[in-house]
Amino acid sequence: MTPHVTGATVKAADRAHVFHSWSAQALIDPLAVAGAEGSYFWDYDGSRFLDFSSQLVNTNIGHQHPKVVAAIQEQAATLCTLAPGFAVDVRSEAARLIAERTPGDLDKIFFTNGGAEAVENAVRMARLHTGRSKVLSTYRSYHGATAAAINLTGDPRRWPSDTAAAGVVHFWGPFLYRSPFHATTEAEECARALAHLADTIAFEGPQTIAAIILESVPGTAGIMTPPAGYLAGVRELCDRHGIVFVLDEVMSGFGRTGAWFAADHWGVTPDLITFAKGVNSGYVPLGGVAISAAIAETFATRPYPGGLTYSGHPLACAAAVATINVMEEEGIVENAARVGESVIGPGLAEIAERHPSVGEVRGLGTFWALELVRDKETREPLVPYNAAGADNAPMAEFAAACKKSGLWPFVNMNRTHVVPPCTVTEAEAKEGLALLDAALTVADRHAVAG
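In what follows, the accompanying structure is described. The shown structure was predicted, so the numbers you read here are calculated from the model rather than taken from an experiment. (Residues numbered from 1 in each chain as written. Predicted model: local features only at pLDDT ≥ 70, side-chain atom pairs only at ≥ 80, totals over all residues. Heavy atoms only, no water.)

**A look at the overall build of the chain**
For step 1, the next point in the chain: The secondary structure content of the chain amounts to 13 helices and 16 strands.
For step 2, the next point in the chain: At 22 Å, the chain has a C-alpha radius of gyration in line with the 22 Å of a compact globule built from 450 residues.
For step 3, the next point in the chain: With the C-alpha coordinates of the chain rotated into their principal frame, the extents come out at 65 × 60 × 40 Å.
For step 4, the next point in the chain: In the chain, which comprises 450 residues, the proportion classed as buried is 54%.
For step 5, the next point in the chain: Of the accessible surface of the chain, which amounts to about 18900 Å², a share of 55% is contributed by carbon and sulfur atoms.
For step 6, the next point in the chain: Where the 33 positive side-chain charges of the chain centre and where its 48 negative ones centre are 4 Å apart. (Helix = DSSP H or I, 4+ residues; strand = E, 2+ residues; numbered from the N terminus. Rg over C-alpha atoms; globule rule 2.2 N^0.38 Å. Buried < 20%, exposed > 50% of the residue type's maximum accessible area, 1.4 Å probe, protein only. Areas by Shrake-Rupley, 256 points an atom, 1.4 Å probe, with all protein chains shown as cover. Lys, Arg positive; Asp, Glu negative; His and termini not counted. Charge placed at Lys NZ, Arg CZ, Asp CG, Glu CD.)

**Quick look at helix α4 (residues 89-101)**
For step 1, the next point in the chain: Here α4 is 13 residues long and its end C-alpha atoms lie 19 Å apart, about the 18 Å a rise of 1.5 Å per residue gives.
For step 2, the next point in the chain: For α4, the complete set of buried residues consists of V90, R91, A94, A95, L97, I98, A99 and R101.
For step 3, the next point in the chain: The inward-facing, buried residues of α4 contact α3 (66-78), β4 (108-112), β9 (272-275) and α10 (314-329). (Expected span 1.5 Å × (residues − 1). Contact = heavy atoms within 4.5 Å.)

**Some points on the packing of aromatic side chains**
For step 1, the next point in the chain: If you walk through the whole model with that rule in mind, you get eleven aromatic pairs.
For step 2, the next point in the chain: Centroid distance F110 to Y304: 5.6 Å. Interplanar angle 75°. Geometry classified as edge-to-face. With a gap of 194 residues between them, F110 in strand β4 and Y304 in the loop between α9 (293-298) and α10 connect regions that are remote in the sequence.
For step 3, the next point in the chain: For F110, a relative accessible area of 14% gives the class buried.
For step 4, the next point in the chain: What links up through ring pairs into an aromatic cluster is the set F254, W260, F261 and F275.
For step 5, the next point in the chain: Here the guanidinium or amino end of R48 rests over the ring plane of Y40, the centre of that ring lying 3.8 Å away.
For step 6, the next point in the chain: Here K403 stacks its cationic end above the ring of W408, 4.4 Å away from the centre of that ring. (Phe/Tyr/Trp six-rings, centres within 6.5 Å; stacked < 30°, edge-to-face > 60°. Lys NZ or Arg CZ within 6 Å of the ring centre and 35° of its normal.)

**Notes on the pairing of strand β2 (residues 40-43)**
For step 1, the next point in the chain: In this structure, strand β1 (residues 33-37) lies alongside β2, joined through four bridges in antiparallel fashion. Paired with A36 across the bridge in β2 is F41.
For step 2, the next point in the chain: What sits between the antiparallel neighbours β1 and β2 is a turn of two residues, in which G38 has the positive phi angle 60°.
For step 3, the next point in the chain: The sheet contact formed by β2 and strand β3 (residues 48-51) spans three bridges and is antiparallel. (Pairing = 2+ DSSP bridges.)

**Description of the pattern of salt bridges**
For step 1, the next point in the chain: A full pass over the atoms with the stated rule returns 18 salt bridges.
For step 2, the next point in the chain: Here R96 and E100 are joined by a salt bridge, their closest N and O atoms 2.5 Å apart. In this pair, R96 and E100 both sit in helix α4, four residues apart, roughly one turn of the helix.
For step 3, the next point in the chain: Classification of R96 by relative accessible area gives partly exposed; the value is 39%.
For step 4, the next point in the chain: Of the charged contacts in the structure, one is a salt bridge between D155 and R157, with a shortest N-O distance of 2.9 Å.
For step 5, the next point in the chain: The class for D155 is buried, based on a relative accessible area of 6%.
For step 6, the next point in the chain: Among the charged side chains, a salt-bridge network with shared partners connects E93, R96, E100, R101 and E328. (Salt bridge = Lys/Arg side-chain N within 4 Å of Asp/Glu carboxyl O.)

**Notes on the side chain of T323**
For step 1, the next point in the chain: Tracing the backbone through its elements, the reader meets T323 in helix α10.
For step 2, the next point in the chain: Among the polar contacts made by the side chain of T323, one reaches the main-chain carbonyl oxygen of A319 at a distance of 2.7 Å.
For step 3, the next point in the chain: Aside from chain neighbours lying at most four places away, what touches T323 is I61, V68, G278, V279, N280 and S281. (Polar contact = N/O pair within 3.5 Å; in protein donor to acceptor, adjacent residues only side chain to side chain.)

**Re the packing of helix α12 (residues 393-405) against helix α13 (residues 426-444)**
For step 1, the next point in the chain: At a closest axis distance of 8 Å, the pairing of α12 and α13 adopts a crossing angle of 145°. Considering the relative orientation of α12 and α13, their crossing is right-handed. Contacts from E397, F398, A401, C402 and S405 of α12 reach α13 at L435, L436, A439, L440 and V442.
For step 2, the next point in the chain: In terms of residue class, the contact of α12 with α13 is made up of eight nonpolar, one polar and one charged. (Axes fitted to C-alpha atoms, helices over the stretch in contact; angles between N-to-C directions. Left-handed = near helix turned anticlockwise from the far one by under 90°. Nonpolar A, V, L, I, M, F, W, Y, C, P; charged D, E, K, R; others polar.)

**Section: unusual backbone geometry**
For step 1, the next point in the chain: Of note, the phi angle at S54 is positive, near 45°, even though the residue is not glycine.
For step 2, the next point in the chain: Within the secondary structure layout, S54 lies in helix α2 (residues 54-57).
For step 3, the next point in the chain: Although it is not a glycine, Q64 sits at a positive phi angle of roughly 60°.
For step 4, the next point in the chain: Considering the arrangement of structural elements, one finds Q64 in the loop between α2 and α3.
For step 5, the next point in the chain: Given a relative accessible area of 48%, Q64 falls into the partly exposed group.

**Quick notes on the sheet that holds β1**
In sheet architecture, strand pairing relies on hydrogen bonds along the backbone and comes in two forms, parallel and antiparallel.
For step 1, the next point in the chain: Spatial strand order, β1-β2-β3-β14: four strands in an open sheet with mixed pairing. Looking along the sheet, the strands with just one partner apiece sit at the ends: β1 and β14 (407-408).

**Some remarks on the sheet that holds β4**
For step 1, the next point in the chain: If you trace the seven strands from one edge of the open sheet to the other, you get β4-β10-β9-β8-β7-β5-β6, paired in mixed fashion. Of all the strands in the sheet, just β4 and β6 (168-171) have a single pairing partner and so form its edges. The average undirected angle you get between the axes of adjacent strands in this sheet is 20°.
For step 2, the next point in the chain: Pairing geometry for strand β8 (residues 244-248) and β9, over three bridges, is parallel. By the bridge assignment, L247 is partnered in β9 with I273.
For step 3, the next point in the chain: Across the sheet, helix α7 (residues 186-204) is in contact with β5 (134-138), β6 and β7 (209-215); its angle to β6 comes to roughly 150°.
For step 4, the next point in the chain: The strands touched by helix α8 (residues 230-241) within the sheet are β6, β7 and β8, with β8 carrying the most contacts at an inclination of about 150°.

What follows is the structure, given as structure tokens:
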């Protein structure tokens, strides 16, 4: 007989045996979750939370979509697992559906277990294709926690693992609100950011650079949508110097920005795209690399020196096939675009007007960030960069207020991100914005009144 499960028993087992990511183990208090559906999840005491984080910005179709759950169950009854060297119908179909939606000729798909492994393999492909070693990436970025990916990452999570010998060079990407180039307009920021990148390439030696990797829209680092012309400008620099252009769409892909891939907004085709998260809404771990014809040809008769036991796992691929079909049938990408444009964007703009702690709102689709500040004039962040402990108290108080009201936020440094499932309804979006509006009064206590 199964013992009675309670939140206390689940939490006790967790605290006894689970080692959590990115955490000081003795200082955390994980919520015991009993279930989830759509845009909500709940604990064992019946407290329900509107998921404005989409967990880790990956449940793009919401929790427990019945068609995807059924597809996983059906696949499990048919064929649970098979080595990646075989041809499997569901793996081939997942690859086909992804390739149909990638821009240009990125028609070959290498499957991984998640986004970090996708980045690792994209970098390996670029280095082997070019015969070069260096890879350029931006500060204010996140590419994963494996060896190459963490070194490519531009946020402080890199610091404890940074070997300074990984062949990575960081540069500044465009971010007008906190411009490193003293720009005052989007056009200036774009031109100066591209000039900075061109200089970085020149001084590093173009012939030494295998790839430039960018998040199409940086995610965890702040959802800074690139200015018009920036991605096209990077594409031109890569073409000029024979550099592989990699776009990381792990977080921004599969409907999150109101397009299948964020790159679609700017009409840019990279040489490689990394993906994960939204490809099957995280129901079963899956990631991958979409590969251009030229790079695929490099390995036509030359073996690719990489692989994973679970590459293209049947259960994960079944979840991807069902997810992509559901997104198409139910207009989920279009819903993300519509709700973002008609509800979330205008609602956040109104919130920014009312709250002295909101310095800037930016985003698109169901992918938004609020920059929280102490002073709108000076743009001083609400908490210092990479704040911890007492220094982070204002953001911790704000997050606690959200959760107390039934809103689960995505908080990073001095920002809160508004990233509900792409299936979010207008009513749910408005509910979440109202709860966010109320919680921001806590942040306002630490800000200079306007």
